[in-house]
Amino acid sequence: MFEEKLDALSQMMAEHMTTPFPPSFRGLDIEGQEMVLLDADAYGYASGVLKGPLNEQRRAGLMRLTAALEKVLPAIDDEYGAKYYTHVRDMAVLAAEIETLRDK
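Below or above, wherever it landed, is the structure these notes cover. (Residues numbered from 1 in each chain as written. Predicted model: local features only at pLDDT ≥ 70, side-chain atom pairs only at ≥ 80, totals over all residues. Heavy atoms only, no water.)

Remarks on helix α1 (residues 2–18)
Its 17 residues place the ends of α1 25 Å apart at the C-alpha level, agreeing with the 24 Å of an ideal helix rising 1.5 Å per residue. Considered for burial, the residues of α1 that qualify are Lys5, Leu6, Leu9, Met12, Met13 and His16. The buried residues of α1 occupy an angular sector of 120° when the element is viewed end-on, so they sit on one face. Away from the buried face of α1 by more than 90 degrees, exposed residues Glu3, Glu4, Asp7 and Thr18 are located. Looking at the buried side of α1, the elements it contacts are α2 (35–51) and α4 (79–102). (Helix = DSSP H or I, 4+ residues; strand = E, 2+ residues; numbered from the N terminus. Expected span 1.5 Å × (residues − 1). Buried < 20%, exposed > 50% of the residue type's maximum accessible area, 1.4 Å probe, protein only. Arc of directions from axis to C-beta. Contact = heavy atoms within 4.5 Å.)

Here's what the structure looks like:
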């Protein structure tokens with residue numbers, strides 16, 4: 001199950017890299033969050049999770065990121081942007097799930 005989740009995260013990251021960033025979200029703040037940074041942070045944390053366990057500081061950052069994504073998603077009124085950031089959130093949530101599995 002753990003390896004399957006790693007494979008799924010890797011696939012999600014590959015899909016993310018081929019999906020165009022929503023142009024209207026460049027420089028956009030929603031709910032006090034800079035959308036480009038949320039995107040970059042999600043990919044960065046997911047990449048770290050694929051490489052191995054995160055340290056406590058990065059793990060806490062991943063948890064803050066998933067909370068931030070949950071906060072901004074309802075405020076996105078652009079259909080493409082909402083779909084894009086739902087994928088970003090799902091990628092971050094899966095990365096967090098993998099980190100939780102490492103504790104067991």
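Here's the deal with helix α3 (residues 56–72)
In an α-helix, one turn spans 3.6 residues, which is why side chains three or four residues apart end up on the same side. Relative to the 24 Å expected for 17 residues at 1.5 Å per residue, α3 spans 24 Å between its end C-alpha atoms, a close match to the ideal helical length. The secondary structure elements touched by the buried residues of α3 are β1 (29–30), β2 (33–34), α2 and α4. At the N-terminal boundary of α3, the capping side chain belongs to Asn55, with an oxygen 3.1 Å from the backbone nitrogen of Gln57. (Polar contact = N/O pair within 3.5 Å; in protein donor to acceptor, adjacent residues only side chain to side chain.)

Describing the pattern of salt bridges
Within the structure shown, the criterion is met by five salt bridges. Put simply, Arg59 and Glu99 hold a salt bridge, and the shortest N to O gap is 2.8 Å. Within this pair, whereas Arg59 is found in helix α3, its partner Glu99 is found in helix α4, the two being separated by 40 residues in sequence. Side by side, Arg59 and Glu99 carry an identical accessibility label, which is buried. The salt bridge partner of Glu70 is Arg89, with a shortest N-O separation of 3.5 Å. Of this pair, Glu70 sits in helix α3 while Arg89 sits in helix α4; the two residues are 19 residues apart in sequence, bridging distant segments of the chain. On the basis of relative accessible area, Arg89 is assigned to the buried category, the value being 18%. Several salt bridges share partner residues, and in doing so they unite Arg59, Glu99 and Arg102 into one network. (Salt bridge = Lys/Arg side-chain N within 4 Å of Asp/Glu carboxyl O.)

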